[in-house]
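Listed below, chain by chain, are the residues.
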Amino acid sequence: MPSEQGNSRDKVKRLAVWALLTSVCLIVGYIESIVNLFFIAPGVKLGLANSVACALVLKDDVKGAVAVNLSRILISALLFGSPVSLMFALSGGTVSVTAMILLKKCRHLSVLGISGAGGVLHNIAQCAVGIVFIGIGIIYYLPILLLSGVVCGVAVGFLAKLILKRIEKSGKYV
Amino acid sequence: MKKGDIILCSAICVFSALLALLFLTFKNNGKTLIVKVDNKPLYEYSLGTDREIELEHNTAVIKDGEVYMLEADCKNQICVRTGKISKRGECIVCLPNRVILEIK
Ligand SMILES: [Zn+2]
């Protein structure tokens, strides 16, 4: 009986942490939508909110990474987006998180490589959705999207590393 | 930072540079502007004549063979900030108003 109680308390704690991280993602995402990187290509964002999902993947909390990322995307689409922007966010988000979960198993990559690859695949997925919804002309943005995907992805990975360090120091996360 | 990271990232950088080079060599100046609303082609204009195109929520401009979005009532203004397009296949998209300007 006591063990079951402890277990459910852990579950609640974990759920609370996920909810907290989701709200952090939403705020970061909102700030990012104000500061724009338009000189690179239309629609390019740093994607700092992805660092939370990246940190969770690195902690081997696959469930948490998927849950936080999906709720972030759905909530921000409800608050600021449209059905089409949801399609873009959803494709990029699911592909990048799946890729990071799989690449985590590769011994030759560190956080930076995993997140960099995640960023690139995120942009490739969005480019594909763009081609479907808008037209083949979007493919001209692919080179710049690949490049910005790597750069932003590595930055996101760096941030994820910092987040993990802080979490481990505080020792609050189960 | 592991060796694998460096190899992976530089491979992607080289690949995107090659792809950009490839696209640049095959990009051609377009001849017509196609205006799509709700993904349906509504109007076609020659890039040869300068003009202003008034749509319900957006204003597009053709000038010197280039096209840009002059004004839009959308919140994000992505379409306006996209700048000028002139090559075949390039486009300006206003997602909120479901307007697409495409060069053919
Ligand atoms: Zn617009």
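The present account deals with the structure reproduced in this document. In this text, all values refer to a predicted model and were calculated from it rather than measured experimentally.

Summing up its helical and strand segments, chain A has six helices and zero strands in all. The order of helices and strands in chain A, counted from the N terminus, is α-α-α-α-α-α. When burial is assessed residue by residue, chain A has 43% of its 174 residues classed as buried. Accessible surface, chain A as shown: approximately 9200 Å² in total, 71% of it carbon and sulfur.

What follows covers the interface of chain B and chain A. Contacts between the two partners involve 28 residues from chain B and, on the opposite side, 26 residues from chain A. One can count zero salt bridges joining chain B with chain A. If you look at where chain B meets chain A, you find five residue pairs in polar contact (both at pLDDT 80 or more). With 11 residues, helix α1 (residues 3–26) of chain B is the single largest residue contributor to the side of chain B that touches chain A. Residues belonging to the side of chain B that touches chain A are distributed by class as follows: 14 nonpolar, five polar and nine charged.

Residue and element names in this part refer to chain B. Taking strand neighbours across the sheet as the criterion, the four strands line up as β2-β1-β7-β6 in an open arrangement whose pairing is antiparallel. Bordering the open sheet on either side are β2 (40–46) and β6 (91–94), each of which pairs with just one other strand. The mean inter-strand angle of the sheet, taken between neighbouring strand axes irrespective of direction, is 15°. Here strand β1 (residues 32–37) pairs with β2 via six bridges, running antiparallel. Counted as the bridge partner of K36 is P41 from β2.

So, about the side chain of S96 of chain A. Mapping S96 of chain A onto the fold places it in helix α4 (residues 83–103). Setting aside residues no more than four positions away along its own chain, S96 of chain A makes contact with G118 and H122 of chain A.

This brings us to the nonpolar core. Generally speaking, a soluble globular protein has its nonpolar side chains buried in company with each other. Residue and element names in this part refer to chain A. In terms of nonpolar packing, the biggest core is built from 23 residues, with C54 and V68 touching the most fellow members. Elements that contribute at least two residues to this core include exactly α1 (2–34), α2 (50–58), α3 (62–80), α4, α5 (111–133) and α6 (142–170). It is α2 that contributes the most residues to this core, seven residues altogether.

The next subject is the sheet that holds strand β4 (residues 58–63) of chain B. All names here are of chain B. The strand order across the open sheet formed by three strands is β3-β4-β5, and the pairing between neighbours is antiparallel. Since the sheet does not close on itself, it has two edges, and those belong to β3 (51–54) and β5 (66–72), each with one partner. Going across the sheet, the axis of each strand differs from the next one's by a mean of 20°, ignoring polarity. Where β4 and β5 come together, six bridges link them in antiparallel fashion. When the sheet's bridge partners are listed, K63 is paired in β5 with E66.

Moving on, we get to the environment of V129 of chain A. Residues and elements named next belong to chain A. Position of V129 relative to the elements: it lies in helix α5. Spatially, the C-alpha atoms of V129 and F88 are 6.4 Å apart, while their sequence positions differ by 41 residues. Dropping the residues within four chain positions of it, V129 is found in contact with M87, F88 and S91.

Right, let's get into the coordination of the zinc ion. Binding of the zinc ion to the protein goes through C74 of chain B (SG), C79 of chain B (SG) and C94 of chain B (SG), at separations of 2.2 Å. Counting residues between consecutive donors of the zinc ion along the chain gives the motif C-x4-C-x14-C.

Attention now moves to the packing of α3 of chain A against α4 of chain A. When two helices pack together, their arrangement is captured by the angle between the axes and the distance separating the axes. All names here are of chain A. In contact at an axis separation of 10 Å, α3 and α4 are set at 170° when each is read in the N-to-C sense. Put simply, α3 runs roughly antiparallel to α4. Together, V62, A65, V66, N69, L70, I73, L74 and A77 of α3 and L86, A89, L90, G93, T94, V97 and I101 of α4 make up the contact between the two elements.

Residue and element names in this part refer to chain A. Relative to each other, α2 and α3 sit at 165°, their axes nearing to 8 Å. Taken together, α2 and α3 sit at an angle that is classed as roughly antiparallel. The two elements α2 and α3 cross, and the hand of that crossing is left-handed. Between α2 and α3, the residues in contact are N50, V52, A53, L56 and V57 and G64, A65, V68, N69 and R72, respectively. Class assignment of the residues belonging to the contact of α2 with α3 gives a composition of six nonpolar, three polar and one charged.

What counts and how
- Residues numbered from 1 in each chain as written.
- Chains lettered and ligands numbered in written order.
- Predicted model: local features only at pLDDT ≥ 70, side-chain atom pairs only at ≥ 80, totals over all residues.
- Heavy atoms only, no water.
- Helix = DSSP H or I, 4+ residues; strand = E, 2+ residues; numbered from the N terminus.
- Buried < 20%, exposed > 50% of the residue type's maximum accessible area, 1.4 Å probe, protein only.
- Areas by Shrake-Rupley, 256 points an atom, 1.4 Å probe, with all protein chains shown as cover.
- Contact = heavy atoms within 4.5 Å.
- Salt bridge = Lys/Arg side-chain N within 4 Å of Asp/Glu carboxyl O.
- Polar contact = N/O pair within 3.5 Å; in protein donor to acceptor, adjacent residues only side chain to side chain.
- Nonpolar A, V, L, I, M, F, W, Y, C, P; charged D, E, K, R; others polar.
- Pairing = 2+ DSSP bridges.
- Axes fitted to C-alpha atoms, helices over the stretch in contact; angles between N-to-C directions.
- Core = buried A, V, L, I, M, F, W, Y, C linked by side-chain atoms within 4.5 Å.
- Donors = N, O, S within 2.8 Å, 3.2 Å for Na, K, Ca; no water.
- Parallel < 35°, antiparallel > 145°, perpendicular 65-115°, else oblique.
- Left-handed = near helix turned anticlockwise from the far one by under 90°.

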